[in-house]
Amino acid sequence: MKTRKLFNRISVLRQERNISRKELAKKIGVNFQTVGYLEREEYNPSLDLAFRISECFGLPIDLVFSTEPMRPLSEELLDRKSQNGK
Amino acid sequence: MSRSVRRAGVLLNYGSLVLMLVFFYAAKQTHANEFLIISVLALIVTIASCLYVHGKTGLWRLVHTNIENLDERETQVVHISLRRSYSAFSILCLLVILASELIEEYMSGTINISLLPAFACLLYLAHTLPSSLIAWTEREV
């Protein structure tokens, strides 16, 4: 089965929080090489793993993963704020 | 270790394995010590390249670890690898069986089809075993 590519912000979020790939891998229960594959968007995670990653960063899943190429997080948050303000 | 190095290692490993077998049987037929020495040298290369490609990279451990101790990406990688290996190994084994039977018949000059039913059954088994396992284990298909 062909699957569509998923985009994510794992690399940006991990670097923002100053955690290594090994530390993140330990937190979400995968091999550290798998974190590399996820960051390079060469592997689509299962729904369970996607939720674990989002929970680890304390963000909603749609801020971490998307089917569209991702914009900078600041832009996304500004958009959401302005939408909520309307 | 880069993929090209790993690929070269795999080719060297299997190449030396085939060489070892060829020279071993050649030595057995001709009783020539040179062939035996080459066979032993090929065996050493096989062991060394195996340790390098499968041991050093951790790939041996990956494919021999219990599936419950792998993460989902590793499980997927191992699953695809096992699927392809199963196909290749089945075909190889069946070809070896068929070839040995045909060679034996050619050497003896007799036509003996005793192994052909077994060959056909093994071929059938190789094709139906995966679906039989699914039929056995799955609640709904």
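Reading the values: the criteria
- Residues numbered from 1 in each chain as written.
- Chains lettered and ligands numbered in written order.
- Predicted model: local features only at pLDDT ≥ 70, side-chain atom pairs only at ≥ 80, totals over all residues.
- Helix = DSSP H or I, 4+ residues; strand = E, 2+ residues; numbered from the N terminus.
- Buried ≥ 20, exposed ≤ 12 C-beta atoms within 10 Å, placed from the backbone.
- Contact = placed C-beta atoms within 7 Å.
- pLDDT = per-residue confidence, 0-100.

1. Focus on the overall build of chain A
In step 1: A tally of regular secondary structure across chain A gives six helices and two strands.
In step 2: Listing every helix and strand of chain A by position from the N terminus yields β-α-α-α-α-α-β-α.
In step 3: Referenced to the eigenvectors of the C-alpha coordinate spread, the extents of chain A come out at roughly 45 × 35 × 20 Å.
In step 4: Counting over 86 residues, chain A shows a buried share of 20%.
In step 5: Contacts in chain A between residues at least 24 apart in sequence constitute 55% of all its contacts with a sequence separation of at least 6.

2. Here we look at the confidence of the model for chain B
In step 1: For chain B, mean pLDDT is 90; residues scoring 70 or higher make up 98% of the total.
In step 2: The ipTM value of the predicted complex is 0.78, and its pTM value is 0.79.

3. A short note on unusual backbone geometry
Residues and elements named next belong to chain A.
In step 1: Phi is positive for Asn18, which is not a glycine, with a value near 55°.
In step 2: Within the element layout of this structure, Asn18 appears in the loop between α1 (10–16) and α2 (21–28).
In step 3: With a phi close to 60°, Glu41 is a non-glycine residue in the positive phi region.

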